[in-house]
Amino acid sequence: TMAGMVVDATGVPVAGALVEVGWLTLDADAEVVARSGPDGRFVVRSAPTEALVGARAEGHGASPLQFLIGKEGNHTEVRIQLGAPAGSVEGTVVDQHGMPVANTLVRIGAGKSSSISGGLDGAPPLPALVRTDGEGHFRAIGVPIGNQPVLARSAVHAPWQGTCEVATHLTARLR
């Protein structure tokens, strides 16, 4: 079991933060495994024994990843500190005919989201990784400010890549 608290850059607990875990032993994308409660606390049951853990929240930059090692049946506590103010990206993925594409993976920001090779000091923050809903819509939070790379890929369409400009506490729009 992994439990802990997500705090902002000044140490204040953050409600609604997404807790992300990257498995060191799997070649799989990091995943959101929990959401912090009103007091900033979260619990992850059946957490991997070796993992990189971080968080992201609306208006805050994603935290650096922390390297955690545990044993089956152990309990570990972690404090995750979010980064500097950040923005969001919202949009819709469409095909060549303008029809929405559901279940498309959208990655916004630089860095790896799988096969992360962190050290004992952890790893840099994850890029935002989201999937489109049934209407092709997505929303990514905790995206660093500035020009960010964007990659969209689905099972039935060629990948798309581009960029978007993200501003602090604002939402960039993409189609």
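Located above this text is the structure these notes cover.
Procedures and definitions
- Residues numbered from 1 in each chain as written.
- Predicted model: local features only at pLDDT ≥ 70, side-chain atom pairs only at ≥ 80, totals over all residues.
- Heavy atoms only, no water.
- Helix = DSSP H or I, 4+ residues; strand = E, 2+ residues; numbered from the N terminus.
- Rg over C-alpha atoms; globule rule 2.2 N^0.38 Å.
- Buried < 20%, exposed > 50% of the residue type's maximum accessible area, 1.4 Å probe, protein only.
- Contact = heavy atoms within 4.5 Å.
- Areas by Shrake-Rupley, 256 points an atom, 1.4 Å probe, with all protein chains shown as cover.
- Core = buried A, V, L, I, M, F, W, Y, C linked by side-chain atoms within 4.5 Å.
- 1 Å grid on protein atoms, 1.4 Å probe; cavity = no way out; pocket = protein on both sides within 12 Å on 5 of 7 lines; lining within 4 Å.
- Points joined across faces, edges and corners; volume = space filled by probe spheres on them.
- Nonpolar A, V, L, I, M, F, W, Y, C, P; charged D, E, K, R; others polar.

Here we take up the overall build of the protein. Scanning the protein for helices and strands turns up zero helices and 14 strands. Element order for the protein, N to C, with α for helix and β for strand: β-β-β-β-β-β-β-β-β-β-β-β-β-β. Expected size for 175 residues packed as a compact globule is a radius of gyration near 16 Å; at 16 Å, the protein falls within 12% of this value. For the C-alpha atoms alone, the extent of the protein along its principal axes is close to 50 × 35 × 25 Å. A buried classification covers 42% of the 175 residues belonging to the protein. Long-range pairs, those at least 24 residues apart, make up 63% of the contacts in the protein with a sequence separation of at least 6. Roughly 9,100 Å² of accessible area belongs to the protein as shown, and the carbon and sulfur atoms make up 53% of that amount.

So, on to the nonpolar core. In summary, soluble globular proteins display a tendency toward joint burial of nonpolar side chains. The biggest cluster of nonpolar side chains holds 17 residues, and the ones touching the most others in it are M2, V6, V19, F42, V53, V78 and I80. If you list the elements that add at least two residues to this core, you get β1 (2–7), β2 (18–23), β4 (41–44), β5 (50–56) and β7 (76–81). Per-element accounting of this core gives the leading share, three residues, to β5. The residues touching V78, leaving out its near neighbours within four places in the chain, are M2, A3, G4, M5, F42, V53, Q66 and L68.

Below, the discussion takes up unusual backbone geometry. A positive phi angle, near 60°, is found at S46, a position not held by glycine. Summarising the element assignment, S46 is placed in the loop between β4 and β5. Positive phi values are uncommon outside glycine, yet N103 reaches one of about 60°. Examined against the element boundaries, N103 turns out to sit in the loop between β8 (87–92) and β9 (105–108).

This part takes up empty space enclosed by the protein. Counted under the stated rule, the structure contains two cavities of 30 Å³ or more. Quantified by volume, the largest cavity comes out at close to 50 Å³. Around the largest cavity sit D29, L105, V106, R107, S113, L129, L151 and R153, which together line it. Of all the elements in the fold, those that place two or more residues in the lining of the largest cavity are β9 and β12 (146–153). Broken down by element, the lining of the largest cavity gets its largest block of residues, three residues, from β9. Residue classes in the lining of the largest cavity are distributed as four nonpolar, one polar and three charged.

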